[in-house]
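# Remarks on the overall topology
Here is how the chains run, residue by residue.
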Amino acid sequence: MNNLVWLIPTFPLLGFTLLLLFGRRLGEPNAGWLATTMVTGSFLSTLCVFLGMAGKTSEERVYEITLFEWIPSGELSVGLGFLADPLSITMALFITGVSALIHMYAIGYMHGDPNFSKFFIYLNLFVFSMLMLVLGDNLLITFLGWEGVGACSYFLISFWHEDPANASAGKKAFVTNRVGDWGFMVAMFLLFFNIGSLKYSDIFSSVIQLDALTQTTATAVVVMLFIGAAGKSAQFPLYLWLPDAMAGPTPVSALIHAATMVTSGVYLLTRMNPVLAEAAGWSSDLIWIIGLFTALFAAAAAVAQNDIKKVLAYSTVSQLGFMFVAVGSGLYVAAIFHMITHAFFKALLFLGAGSVIHGMHEEQDMRKYGALKKAMPITAGTFIIGWLAIAGIPPFSGFWSKDEVLLAAWNENKIAWVLLLIAAIMTAFYMSRLVFMTFFGDKRWAEDEKENHEEDEITPPPENEKKNILNPHESPALMWFPLVALAGLAATAGILNLPFSHNTKYLEKWLEPVLFGNEVHVLASTSTKWLLAVIAIIGATIGVLSASYVYLKKRINPAQIELPILQDAWKFDRSVSNFMGGPGRKIFEVVTWFDETVIDGAVNGAGKLTQNLGTRLRATQTGLIRTYALGMVIGAIAILAYFVSRMGF
Amino acid sequence: MEAVTFFIAALIAVAGACGVVFLKNPVHAALSLVATLFGVAIHFINLEAYFLAAVQVIVYAGAIVILFLFVIMLLGVDRAEDIQSDPIIGQRQLALLATAGLLILGIFIALAFSGEVTGVPPIEAQQSTFDGGLAIDSGSISKGVPPEQNIKEIGRALFSTRYVFALEITALLLTIGVVGAVVLTRRSKSELEPIPVVEPPALMRNSEGEIELALNEDEQSPIEETIDPPVEDLPNEEVEVNGE
Amino acid sequence: MTFAMAIGTEYYLALSALLFTIGAGGLLVRRNPLIMFMCIELMLNAANLAFVSFGKEMNDLGGQLSVLFVLVVAAAEVVIGLAIVVAVMRRRPKASIDEVSVLRG
């Protein structure tokens, strides 16, 4: 079955091409169905490869195939090849599965949009790029996918680009990503320079068997790779783009910024784990410290957000921080496990939020929600499952994966564990806040009927409009089916890696050949693990209960918790803008001056010099015969003089 | 005797040459050119190139210089030329320098001649041109032979395999020359167009005799002022020119 | 007084050099196109003299034959040159050669 690997990215590529050619003609909703079918085809191919791989023994599960030589350039030879091993197939499975569900959802969500088919063109291109990223057998293919998902992210965030705010959000995402890409590229250069190949198998065999990398080089590579990962996976300080990226349509947020693109950084570091093992200890420490800081930072910011999507955005940043804590501590399996469960429940949460927004007619401010459970039962039900998963309530999947990450933190540093626990409690708190404000409590939207009318600029809405504001409705089946599917996955995905005994740790056994024995084993007794789990459950419960005190029972004033500085995300974004606008701009002006004066001046100066020289030399072409005759005579004298000098005496 | 002849003829030739260079009137210059040609012809006789001397006088002095005089008369350039100053800056000084240099070098090389020349060794490879087929050289010059022997030898050599092709080519050249002359001087039926007037190059003095060294091209051409209108009191040819 | 001095080839060559130099100087200094032509003829004659004296020296008839050809070519050149001069200077009799300077860089 392995030779079907090339089919996996080909399906979305085919979908992209077909939609590019015929999308406008297909129109709504056929274009969407074509896209969905393609991604489903990709998912089925992945499933085939997976089943084939599962039947083999652990050593045989790594399969490489090179389609053709893409860049033959002297010493560098890069082929277009695929690497199908447990890690890449795992990623491909959940990427294609979640993407297929989101494509289906988007058919319903983007109903009525004039650029319907364009949306699906970008979505399919995105899935293709992401699959190239995970399935590539060398760093350059991964980078190709890396850049591709960055570009598609830009396209999709600024999809409604008539509003300049959306366009600049897209730009911000792309530019911030680019800063990270620089790190990735430097890492590639270093690896190529030291090892001579960009292929994963070559790199790993050189590093493990031949010790080709010194510790300094490996550390430099790891730091550069982490910069790239931080850009893509929204870690501090390159997280700035993710909250702004909520300007894109909700399926985009679900797909890109919850389930797939933002996980590329974690994937990259997990893939390069042999290099991480060669590097100095402080580089791994750097990774988990930044991850921890980001987790706390973002969780605190999420507490005070009023836009439902922004809460989920900061939540994503925070959860990615959790994953990096696991990577930095050396427990890659925990990171991948949390990545998978996060993909399920975060996509579910985003799609549910989209359903709510759709039902409330594009209203995103949670202060205008309330008691929507009756109006949208399916949305509410699935959303609650997602909420329980992310909060870490057993037996939902989030509990198991988060517990693994907490165990990783405990293994690394006890203080880190305490801080991460606080972040987990905050996670439970803000998610509960979101759920209570949206689905429970008092109806705040009926009250605002008069205010809505005042805000109408043109005319008061007609009769049926009034009814719509009063009646938020459940979404069509096309939209709630994916919700249900994802809810099922979010609820049950915990069985992938139950910690009870070695036999139930399927994910760990599955990922073994990819990790080259670099997985850190936790030094804790079983009773300690039970204790930590119980503490985690208690913490989650505290979070939920305190949120209910504040928002349901109204015992504590929310304003004490929702501090303005938290709402502004610690003013970091603002300070970056101020720096770039102020001193940053001065630096740029100096660089521009240098470029214009020195570099352009040298180039233009060479041209001007030639021109001047030419003009002066032109004076010898007088057109007068006698000056030419003079020249000839002088030439004759020169020749004669030469001959005279050669006469021997 | 040879020495006396040499020096007298040399004197004539050099005097004629200086006359060509320094005389203002073109007709006078042509006549001194004739003197030079005669002097060179005497030298040819001294060198036992009898045929050549005759040809020199007949062709050069008798035809080419006459041609010069025809053109001088036709164009009416028999006015004296202003030889005082030179419009081109520095031309005269440089010409003086160049001439001096050339003279020194030339005399130097000439006097350093010691009998060895590059090329075919003269005496050994000589064979008579009476052979049909390939002659190695053109023939020998015997000393003290009468002139008709010289002409005979030249005739034979010229029509030998070595030189006959060149001879025919020169005949062709002369024909082309004649045709070309007729074509070039043909009058077109339409009005003759004036010679285009362009601004003089930077090296020239303008009509006041001052130097303008500007390198830009937008200045008024001073030459236009010095163009005389076509003269009216010359023979018929000129009137026709004016009338068209 | 009779001079019994033998005139060697170098005398003729020196004379030829002198004539050539005078011709070159005249070419550079004079502005009338016809006089410039005459100076060119002067230079050709100097070359002819050198040819013949070398021919005499080497006992080779080639010198004289070369002079013959030079003569023919000089004649043709004069014909064409004067035709050009006539064609260009027909309208302006007092023209100097400096005015024909359109081909300027």
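Predicted, not measured: the structure shown is a model, and the values here were computed from it.

Scanning chain A from N- to C-terminus turns up 29 helices and two strands. Across the 649 residues of chain A, 53% fall into the buried class. For chain A, contacts bridging at least 24 residues in sequence account for 79% of all contacts bridging at least 6. Carbon and sulfur atoms make up 66% of the accessible area of chain A, which totals about 26,900 Å².

Further remarks concern the overall build of chain B. If you tally the helices and strands in chain B, you get eight helices and zero strands. Each helix (α) and strand (β) of chain B, taken in turn from the N terminus, gives the series α-α-α-α-α-α-α-α. Here chain B, with 244 residues, has 36% of them falling under the buried criterion. Across chain B, the fraction of contacts at a sequence separation of at least 24, relative to all contacts at a separation of at least 6, is 51%. Summing over all exposed atoms, chain B offers an accessible surface of approximately 14,200 Å²; the carbon and sulfur share of this is 67%.

Once that is clear, we can look at the interface of chain C and chain A. Interface size is commonly expressed as the accessible area that is lost once the parts come together. Contact with chain C, which involves 13 residues of that partner, is made by 11 residues of chain A. Here chain C and chain A share an interface that buries about 980 Å² over both sides, 64% of which is from carbon and sulfur atoms. In this structure, the connection of chain C to chain A is made through zero salt bridges. Remark: the boundary between chain C and chain A carries two residue pairs in polar contact (both at pLDDT 80 or more). Considering each element in turn, the side of chain C that touches chain A owes the most residues, three residues, to helix 1 (residues 9–29) of chain C.

For an α-helix, the turn length of 3.6 residues means that residues three or four places apart are oriented alike. All names here are of chain B. Its 26 residues place the ends of helix 3 (residues 50–75) 36 Å apart at the C-alpha level, agreeing with the 38 Å of an ideal helix rising 1.5 Å per residue. Along its length, helix 3 shows its largest kink, about 25°, at Gln56. Looking one or two places after helix 3, you find Gly76, whose phi comes out positive at around 70°.

The next point concerns a nonpolar patch on the surface. All names here are of chain A. Taken together, Trp6, Leu67, Phe68, Trp70 and Leu144 make up a surface patch of nonpolar side chains, about 470 Å² in accessible area. In terms of residue count, strand 1 (residues 63–73) provides more of the nonpolar patch than any other element does, three residues in total. In this structure, Trp6 sits in the segment before helix 1 (7–26). Assessed through its relative accessible area of 38%, Trp6 is described here as partly exposed.

Residue and element names in this part refer to chain A. Here the structure, examined in full by the defined rule, presents 28 aromatic pairs over all chains. Judged by centre distance (5.2 Å) and plane angle (55°), the ring pair of Phe383 and Phe439 falls under tilted. In this pair, Phe383 sits in helix 16 (residues 377–391) while Phe439 sits in helix 18 (residues 414–439), placing the two residues 56 residues apart along the sequence. Neither residue differs from the other here; Phe383 and Phe439 are each classed as buried. Aromatic side chains Phe399 and Trp400 sit 5.0 Å apart centroid to centroid with 65° between the ring planes, which places their arrangement in the edge-to-face category.

Where the residue is not glycine, phi is negative for most of them; where a peptide bond is considered, it is trans in most cases. Following A:Phe236, the chain continues to A:Pro237 via a peptide bond in cis, the omega torsion being 0°. Take A:Pro237: it is sitting in the loop between helix 8 (215–232) and helix 9 (241–244). In this structure, the amide linkage connecting A:Pro394 to the following residue, A:Pro395, adopts the cis form with an omega of -5°. Assignment of secondary structure puts A:Pro395 in the loop between helix 16 and helix 17 (397–412). A positive phi angle, close to 65°, is found at B:Glu48, a residue other than glycine. Residue placement: B:Glu48 occurs in the loop between helix 2 (26–46) and helix 3.

The next thing to look at is the pairing of strand 1 of chain A. A regular strand carries its side chains on alternate faces of the sheet. All names here are of chain A. Two elements, strand 1 and strand 2 (residues 76–84), share nine bridges in a ladder whose sense is antiparallel. Bridging across to strand 2, Glu64 finds its partner in Leu83. Linkage of strand 1 to strand 2, two consecutive antiparallel strands, is achieved through a turn of two residues, within which Gly74 is found at a positive phi near 65°.

Residues and elements named next belong to chain B. Relative to the 30 Å expected for 21 residues at 1.5 Å per residue, helix 2 spans 30 Å between its end C-alpha atoms, a close match to the ideal helical length. Most of helix 2 is tucked away, with 15 of its 21 residues classed as buried. Capping of helix 2 at its N-terminal end is provided by Asn25; its side-chain oxygen lies 3.0 Å from the backbone amide nitrogen of Val27. Of the residues trailing helix 2, Glu48 is marked for its positive phi of about 65°.

Examined against the element boundaries, A:Ser401 turns out to sit in helix 17. Setting aside residues no more than four positions away along its own chain, A:Ser401 makes contact with A:Phe337, A:His338 and A:Thr341.

Pairing is possible between side chains of opposite charge, provided their charged atoms come close. Residue and element names in this part refer to chain A. For the coordinates displayed, the defined rule picks out six salt bridges over all chains. The residue Asp85 makes a salt bridge to Arg271 at a minimum N-O spacing of 2.7 Å. With Asp85 in the loop between strand 2 and helix 3 (86–109) and Arg271 in helix 11 (residues 264–271), this residue pair connects regions lying 186 residues apart in the sequence. Each member of the pair, Asp85 together with Arg271, is buried. Measuring nitrogen to oxygen at the nearest pair gives 3.0 Å for the salt bridge that ties Asp181 to Arg178. Of this pair, Asp181 and Arg178 are both found in helix 6 (residues 164–195), three residues apart, which corresponds to roughly one turn of the helix. With a relative accessible area of 2%, Asp181 lands in the buried category. For Arg178, a relative accessible area of 38% gives the class partly exposed. In the salt-bridge network here, residues are joined through shared partners; they are Glu64, Asp137 and Lys199.

So, about the packing of helix 5 (residues 139–157) of chain A against helix 11 of chain A. All names here are of chain A. Running from N to C, helix 5 and helix 11 point in directions that differ by 175°, and their axes come no closer than 12 Å. Judged by the inter-axis angle, helix 5 sits roughly antiparallel to helix 11. In contact with Leu139, Thr142 and Trp146 of helix 5, helix 11 contributes Ser264, Gly265 and Leu268. Across the contact of helix 5 with helix 11, the residue classes break down as three nonpolar, three polar and no charged.

Now for the environment of A:Asp442. All names here are of chain A. Mapping Asp442 onto the fold places it in the loop between helix 18 and helix 19 (449–455). The class of Asp442 is partly exposed, set by a relative accessible area of 49%. Taking the C-alpha atoms as reference, Asp442 lies 8.8 Å from Leu552; in sequence the two are 110 residues apart. The residues contacting Asp442, other than those within four sequence positions of it, are Tyr369, Gly370, Ala371 and Lys554.

Within the secondary structure layout, C:Glu41 lies in helix 2 (residues 33–58). Despite being buried, C:Glu41 has no salt bridge partner; C:Arg30 is the closest side chain of opposite charge, sitting 16 Å away. Within the structure, C:Glu41 has its side chain in polar contact with the side chain of B:Tyr60 (distance 2.8 Å). When sequence neighbours within four positions are dropped, the list of residues in contact with C:Glu41 reads B:Tyr60, B:Phe68, C:Ala74, C:Glu77 and C:Val78.

All right, on to the nonpolar core then. The biggest cluster of nonpolar side chains holds 198 residues, and the ones touching the most others in it are A:Phe119, A:Phe120, A:Phe126, A:Val134, A:Leu139, A:Leu269 and A:Leu420. Each residue touching A:Val134, except ones within four places of it in the same chain, is listed here: A:Ser88, A:Met91, A:Ala92, A:Ile95, A:Tyr267 and A:Arg271. Residues B:Val34, B:Ile64, C:Met43 and C:Leu71 belong to the second largest nonpolar core, which totals 78 residues.

Residue and element names in this part refer to chain A. On average, residues of chain A score 84 in pLDDT, and 94% of them reach the 70 mark or higher. Within chain A, helix 5 carries the highest mean pLDDT (92), whereas helix 20 (residues 463–470) carries the lowest (43). Predicted confidence is poor over residues 450–468, with pLDDT under 50, and the contacts of this stretch with residues over four places away or in other chains come to seven contacts.

Further remarks concern the packing of helix 17 of chain A against helix 18 of chain A. All names here are of chain A. The N-to-C vectors of helix 17 and helix 18 enclose an angle of 155°; their axes lie 7 Å apart at closest approach. As judged from the angle between their axes, helix 17 and helix 18 are roughly antiparallel. Taking contact as the criterion, the partners of Lys402, Val405, Leu406, Ala409 and Trp410 in helix 17 are, on helix 18, Lys414, Ala416, Trp417, Leu420, Leu421, Ala424 and Thr427. Looking at the contact of helix 17 with helix 18 residue by residue, the class counts come to nine nonpolar, one polar and two charged.

Reading the values: rules and limits
- Residues numbered from 1 in each chain as written.
- Chains lettered and ligands numbered in written order.
- Predicted model: local features only at pLDDT ≥ 70, side-chain atom pairs only at ≥ 80, totals over all residues.
- Heavy atoms only, no water.
- Helix = DSSP H or I, 4+ residues; strand = E, 2+ residues; numbered from the N terminus.
- Buried < 20%, exposed > 50% of the residue type's maximum accessible area, 1.4 Å probe, protein only.
- Contact = heavy atoms within 4.5 Å.
- Areas by Shrake-Rupley, 256 points an atom, 1.4 Å probe, with all protein chains shown as cover.
- Buried area = accessible area lost by both parts, 1.4 Å probe.
- Salt bridge = Lys/Arg side-chain N within 4 Å of Asp/Glu carboxyl O.
- Polar contact = N/O pair within 3.5 Å; in protein donor to acceptor, adjacent residues only side chain to side chain.
- Expected span 1.5 Å × (residues − 1).
- Bend = angle between axes of the 7 residues up to and from the residue.
- Patch = residues over 30% accessible without salt bridge, like charges linked within 9 Å, V, L, I, M, F, W, Y side chains within 5 Å.
- Phe/Tyr/Trp six-rings, centres within 6.5 Å; stacked < 30°, edge-to-face > 60°.
- Pairing = 2+ DSSP bridges.
- Axes fitted to C-alpha atoms, helices over the stretch in contact; angles between N-to-C directions.
- Parallel < 35°, antiparallel > 145°, perpendicular 65-115°, else oblique.
- Nonpolar A, V, L, I, M, F, W, Y, C, P; charged D, E, K, R; others polar.
- Lys, Arg positive; Asp, Glu negative; His and termini not counted.
- Core = buried A, V, L, I, M, F, W, Y, C linked by side-chain atoms within 4.5 Å.
- pLDDT = per-residue confidence, 0-100.

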